[in-house]
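Structural overview
Residues per chain are reported as follows:
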Amino acid sequence: MKHVMILATDGFEQSELMEPKANLEKAGFETTVVSLESGKIRGWDQKDWGDAVKVDKTVDEIDSCKGYDALLLPGGQMNPDILRMNKKAVEIVKMFDHTKKPIAAICHAPWMLIEAGLVEGKSVTSWPSVRTDLKNAGAKVVDKEVVVDGNLITSRKPDDIPAFSKALIEMLGVKVEKRELETA
């Protein structure tokens, strides 16, 4: 069974973690939520705190990306901004890229790709407020629901979750119809 790591912390965009996670599990993948601390992390649901999600492992428990087939980075403004300040979280992103495993980042999560030095020369998309940062880091920014460049999969916003999930699931070798996937 293929296994996807979800790297997130408090303030993740509720739909951008929950729906792709549900889509991956429905397609037969195992998921593991990794965060900065053990316990639970809370999502941000539009204008207020949302549901809590159980943390399966902390970043300090991750020594390599062995045993994982892909990395999912949900957005939300707070989540990637906090994660990119943690050296171990950034190292995890670099490990997945070094082994050429898929990295799927939605909304504000491409900040993690910038912090890990992965976007130069790559075609990517994101939430509009992150696009200048991507351009400044040398990325080719496009405005599409999902952009795949090598092992990187990026999307703009919760409305893109079906296309985002489909791209990741198919990169992992399973065919799926977009209409079958959870939406925000």
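Preceding this paragraph is the structure being described.
Structure report, in brief. Here the structure is a predicted model, which means the values were calculated and not measured. (Residues numbered from 1 in each chain as written. Predicted model: local features only at pLDDT ≥ 70, side-chain atom pairs only at ≥ 80, totals over all residues. Heavy atoms only, no water.)

**Re the overall build of the chain**
We apply this condition: A run of H or I in DSSP counts as a helix once it spans at least four residues, and a run of E counts as a strand once it spans at least two, with each numbered from the N terminus. Radius of gyration: over C-alpha atoms. The globule rule applied is 2.2 Å multiplied by the number of residues raised to the 0.38 power. Whether two residues are in contact is decided by their heavy atoms: any pair within 4.5 Å suffices.
Counting its secondary structure elements, the chain contains six helices and 12 strands. On C-alpha atoms alone, the chain measures out to a radius of gyration of 14 Å, which is about the 16 Å that the 2.2 N^0.38 rule sets for 184 residues. Counting only C-alpha atoms and orienting by the principal axes, one finds that the chain spans roughly 35 × 35 × 35 Å. For the chain, the proportion of contacts with a sequence separation of at least 24, taken over those separated by at least 6, is 63%.

**Focus: a nonpolar patch on the surface**
Stated formally: Like charges within 9 Å and nonpolar side chains (Val, Leu, Ile, Met, Phe, Trp, Tyr) within 5 Å are joined into patches, using only residues over 30% in relative accessible area that form no salt bridge. Each accessible area value is a Shrake-Rupley result obtained with a 1.4 Å probe; residue values ignore everything except the protein chains displayed when judging cover. Here, a salt bridge means any side-chain nitrogen of Lys or Arg that lies within 4 Å of a carboxyl oxygen of Asp or Glu. Residue burial is assigned from relative accessible area. The probe radius is 1.4 Å, only protein chains are included, and a residue is buried under 20% of its type maximum, exposed over 50%, and partly exposed in between.
Taken together, the side chains of Trp49, Met78 and Ile82 make up a nonpolar region of the molecular surface, amounting to roughly 250 Å² of accessible area. Within the secondary structure, Trp49 is located in strand 5 (residues 48-54). A relative accessible area of 35% means that Trp49 is categorised as partly exposed.

**Comments concerning the nonpolar core**
Under the convention used in this document: Put simply, buried Ala, Val, Leu, Ile, Met, Phe, Trp, Tyr and Cys residues joined by side-chain atoms within 4.5 Å make one nonpolar core.
If you look at the biggest cluster of nonpolar residues, it comprises 30 residues, and the most contacted ones within it are Leu7, Leu73, Val93, Ile103 and Leu113. Every element with two or more residues in this core is listed here: strand 1 (3-7), strand 7 (70-73), helix 3 (87-98), strand 8 (103-106) and helix 4 (110-115). Tallying contributions element by element places helix 3 first for this core, with six residues. Leaving out residues up to four positions away in the same chain, Leu73 has contacts with Leu7, Val93, Ile103, Ala104, Ala105, Ile106, Ala109, Met112 and Leu113.

**Description of helix 1 (residues 14-26)**
Using the following cut-off: Given a helix with a known number of residues, its expected span is that number minus one, times 1.5 Å.
Between the first and last C-alpha of helix 1 there are 18 Å, a value that for 13 residues agrees with the 18 Å anticipated at 1.5 Å per step. Of the residues making up helix 1, those classed as buried are Gln14, Ser15, Glu16, Leu17, Glu19, Pro20, Lys21, Asn23 and Leu24. Positive backbone phi, approximately 100 degrees, marks Gly28, located one or two places after helix 1.

**Comments concerning the packing of aromatic side chains**
Counted only if it meets this: Here is the rule: rings of Phe, Tyr and Trp (six-membered ring for Trp) pair when centre to centre is within 6.5 Å. Planes less than 30 degrees apart are stacked, more than 60 are edge-to-face, and the remainder are tilted. Charge-over-ring placement is defined geometrically: NZ (Lys) or CZ (Arg) within 6 Å of the ring centre, and within 35 degrees of the ring normal.
For the coordinates displayed, the defined rule picks out two aromatic pairs. Summarising the aromatic geometry, the rings of Trp44 and Trp49 are spaced 5.1 Å apart at their centres and angled 85 degrees between planes, so their arrangement reads as edge-to-face. A ring pair is formed by Tyr68 and Phe96, whose centres lie 6.5 Å apart and whose planes are at 55 degrees; its orientation type is tilted. Here Tyr68 is found in the loop between strand 6 (57-58) and strand 7, whereas its partner Phe96 is found in helix 3, with 28 residues between them in sequence. Take Tyr68: its relative accessible area is 6%, and that puts it in the buried class. Lying across the ring of Trp111, Arg84 places its NZ or CZ 4.2 Å from the centre.

**Section: the sheet that holds strand 5**
Applicable threshold: The rule for pairing is simple: two strands pair if DSSP sees at least two bridges between them.
Spatial strand order, 2-4-5: three strands in an open sheet with mixed pairing. Every interior strand has two partners, whereas the edge strands, strand 2 (12-13) and strand 5, have only one. Note that strand 4 (residues 40-45) and strand 5 share five bridges and pair antiparallel. Considered in strand 5, the bridge of Asp45 is made with Asp48.

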